[in-house]
Amino acid sequence: MSNIVIILAVAAVLVLFVVSIYNRLVRLNVSVEEAFAQIEVQLKRRSDLIPNLVETVKGYASHESATFEKVVNARAKATTATTVADVAAADGAVTQALRGLLAVAEGYPDLKASTNFLALQEELSTTENKVSFARQFYNDNVRALNTAVKTIPTSFFAGMAKVSARTFYEVEDPQSRQAPTVKF
Amino acid sequence: MSEVSFRGMEASNKRKTYLLLAGMGALVWLVVYAALTYFGSATVGIVPIAVTIALISVWGSYYASDSIVLKMTGARELQESDNPKLFNLIHEVVIASGLPMPKVAVVVDTAPNAFATGRNPEHAVIAFTTGILDVMDRDQLQGVIAHEMSHVGNRDTLVSAVAATTAGAIAILSDMLTRMMWFSGGRRDDRDNNSNPVALIVSLVILILAPIAAMLLKSAVSRRREALADATAVSFTRNPAGLRSALEVLAADSTVVRQRSTAVAHIWIESPLDGKAVSRLFATHPPIEERIAALRAMESLGPVS
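This is a predicted model, so every value here is computed, not measured.

Calculation rules
- Residues numbered from 1 in each chain as written.
- Chains lettered and ligands numbered in written order.
- Predicted model: local features only at pLDDT ≥ 70, side-chain atom pairs only at ≥ 80, totals over all residues.
- Helix = DSSP H or I, 4+ residues; strand = E, 2+ residues; numbered from the N terminus.
- Rg over C-alpha atoms; globule rule 2.2 N^0.38 Å.
- Buried ≥ 20, exposed ≤ 12 C-beta atoms within 10 Å, placed from the backbone.
- Contact = placed C-beta atoms within 7 Å.
- Core = buried A, V, L, I, M, F, W, Y, C linked by C-beta atoms within 7 Å.
- pLDDT = per-residue confidence, 0-100.
- Pairing = 2+ DSSP bridges.
- Axes fitted to C-alpha atoms, helices over the stretch in contact; angles between N-to-C directions.
- Parallel < 35°, antiparallel > 145°, perpendicular 65-115°, else oblique.
- Left-handed = near helix turned anticlockwise from the far one by under 90°.
- Nonpolar A, V, L, I, M, F, W, Y, C, P; charged D, E, K, R; others polar.
- Expected span 1.5 Å × (residues − 1).

Draft legend 1. Spatial organisation of the overall build of chain A. In terms of helices and strands, chain A carries five helices and zero strands. When the elements of chain A are put in sequence order from the N terminus, they spell out α-α-α-α-α. For chain A, the C-alpha radius of gyration of 24 Å lies well beyond 16 Å, the compact-globule estimate for 184 residues. On the principal axes, the C-alpha backbone points of chain A span a range of 90 × 25 × 25 Å. Within the span of chain A, comprising 184 residues, buried residues form 30% of the whole.

Draft legend 2. Quick look at the overall build of chain B. Scanning chain B from terminus to terminus reveals 10 helices and four strands. Looking at chain B residue by residue over its 305 residues, the buried ones come to 42%. When contacts within chain B are restricted to residue pairs at least 6 apart in sequence, long-range pairs at least 24 apart make up 79% of them.

Draft legend 3. Region of interest: the interface of chain A and chain B. Counting residues at the interface gives nine residues for chain A, matched by eight residues for chain B. When residues of the side of chain A that touches chain B are assigned to their parent elements, the largest contribution, eight residues, is made by helix α5 (residues 115–150) of chain A.

Draft legend 4. Broad picture of the environment of A64 of chain B. Locating A64 of chain B in the fold gives a position in the loop between α2 (46–63) and α3 (65–73). For the pair A64 of chain B and H123 of chain B, spaced 59 residues apart in sequence, the C-alpha separation works out to 9.3 Å.

Draft legend 5. Fine view of the nonpolar core. One finds Y138 of chain A together with V93, A114, I126, A127, V144 and I145 of chain B to be the most contacted residues of the largest nonpolar core, which totals 85 residues. Within the second largest apolar cluster, 24 residues are counted, among which are V31, Y38, A210 and A214 of chain B.

Draft legend 6. Highlighting the confidence of the model for chain B. This prediction gives chain B a mean pLDDT of 84; 89% of its residues lie at or above 70. Taken over the whole predicted complex, pTM reads 0.85, whereas the ipTM for its chain interfaces reads 0.80.

Draft legend 7. Quick look at the sheet that holds strand β3 (residues 114–117) of chain B. Residues and elements named next belong to chain B. With mixed pairing, the four strands of this open sheet are ordered in space as β1-β2-β4-β3. Edge positions in the sheet fall to β1 (76–77) and β3, since each of these pairs with one other strand and no more. Both strand β2 (residues 103–107) and strand β4 (residues 125–129) contribute to a ladder of five bridges, which runs parallel. For V104, the partnering residue across the bridge sits in β4 and is I126.

Draft legend 8. The pairing of β3 of chain B, seen in detail. Residues and elements named next belong to chain B. Residue alternation in β3 divides its side chains into two sets, A114 and A116 and F115 and T117, and both sets are buried. Examined bridge by bridge, β3 and β4 share four bridges and lie antiparallel to one another. Along β4, the bridge assignment pairs A116 with I126.

Draft legend 9. Looking closely at the packing of helix α2 (residues 65–80) of chain A against helix α3 (residues 84–106) of chain A. All names here are of chain A. For the pair α2 and α3, the least separation of the axes is 9 Å and the interaxial angle reads 160°. Looking at the two axes, α2 sits roughly antiparallel to α3. Relative to α3, the crossing made by α2 is left-handed. Side by side, α2 and α3 meet where T67, K70, V71, A74, R75, K77 and A78 of the first sit next to A90, D91, A93, V94, A97, L98, G100, L101 and V104 of the second.

Draft legend 10. Summary view of unusual backbone geometry. Residues and elements named next belong to chain A. Along the chain, I152 connects to P153 via a cis peptide bond; the corresponding omega equals 0°. Along the chain, P153 falls in the segment after α5. Here the phi dihedral of K162 falls at roughly 55°; this positive angle occurs in a residue that is not glycine. You can see K162 is positioned in the segment after α5.

Draft legend 11. Expanded view of the environment of M149 of chain B. Residues and elements named next belong to chain B. For M149, the location among the structural elements is in helix α6 (residues 138–153). Classification of M149 as buried rests on a count of 26 C-beta atoms within 10 Å. It is 8.4 Å that separates the C-alpha atoms of M149 and P102, two residues lying 47 residues apart in sequence.

Draft legend 12. Quick peek at the packing of helix α8 (residues 197–237) of chain B against helix α9 (residues 240–252) of chain B. Residues and elements named next belong to chain B. Packing of α8 against α9 brings their axes to within 8 Å, and their N-to-C directions diverge by 135°. For the element pair α8 / α9, the angle class is oblique. Where α8 abuts α9, its residues D230, A233, V234 and T237 lie against P240, G242 and L243. For the contact of α8 with α9, the class distribution of residues is four nonpolar, two polar and one charged.

Draft legend 13. Looking closely at the pairing of β4 of chain B. Most of β4 of chain B is tucked away: five of the five residues are buried. Residues V125, A127 and T129 of chain B point to one face of β4 of chain B and I126 and F128 of chain B to the other, with burial holding for every one of them.

Draft legend 14. Broad picture of α9 of chain B. Residue and element names in this part refer to chain B. Compared with the 18 Å implied by 1.5 Å per residue over 13 residues, the 18 Å span of α9 between its first and last C-alpha is a close match. For α9, the full list of buried residues reads P240, G242, L243, R244, A246, L247 and L250. Check the buried side of α9 and you find it contacts α6, α8 and α10 (288–299).

Structure, rendered in structure tokens:
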């Protein structure tokens, strides 16, 4: 009789152990997805700022068409990206193009003084920060997930939970990890 | 993982908190043991009474901490339209931390300071004095916000409520027992326990010193949580220089928040009791120079991804 009780107790503990590991893996996987969604939200925000920014700069520097084109093209490409690597690459391109645009703006004192531009500047720098924090948060979550997928005992249950290691969100240009230093 | 990195600092401060809380638990047992030795088993009933009283008195202020602290500090809640720049900064840290958006409040006071409270991240409030909003630049303010959000994420309202409950229970226990001692004019006559005189004296000393020891442990917990919040803040912003220069501004500033009550002194980023001759052992915050040095050490490690 007491043997049965002991066996049942051990079985119950084992089941609880497996369930908690399974749930942990699923939870980590979901947080990676949420973190990626957050990056996309912030990239969308930045993307929405671009037309306004381009218009404002155009008003003062209409002949810099090559720079505007670069920004608009990079933005268009970014809207079609879906995989982590593609989104990261497009993100890097937009960051690069925006940096070029702001460098152009440097040469126009009237533009830099305009209230519209000053408001955009705050919006842009906070959005750049949000994008880079969202990337960082995503990578932290990927790190936690990948550690769990690769270390014992969680690694034994990764297949069962249909969870596998994810790729980090890496922006190619090492400089673009930081927000562009905008000085007005 | 070096002790200097924010990950090492977070781990070591968390470990020390657990040790200190375990120490407080051990202290409770010590007091109970002393009471049993001195008064005999008749006093056992007092223990649950003391714990219950402490629990009730702390639980209310923990559960309603958001509204109570706002009232005690005279803070006013802000809307996004009141200060969009501040809200931008807070949004940034919210994204970096993955925590829900807290309520934001402002205290009209020229002394630069800030605090966080609330029973859980869903009921968190972070508050700033008008002084800190005026005097700090973007990076500094971001560091301060990250420090406050770290308190939210590390559940420091809960940790300090646990510490306060334990210290309170010990104080009540020791108070009741010392009173019993006076009223009964010494120990009772029930001799169902050992009457070893050394054990009696040790018990007496424990009963008298326990409340002070509990206060010291409670302050030590608070100091560990402050150091932990500094480390966690760096894990959010990856920019120790921002918080470091913010702390330097606070260290250089000699004005002090006009407190309505010292009961909430421990929740500010910089202790408003500074300058009063509080012994270092009873301080709720580590010395600000020490915090600055820890952050400087993190800066010297270079950028961490």
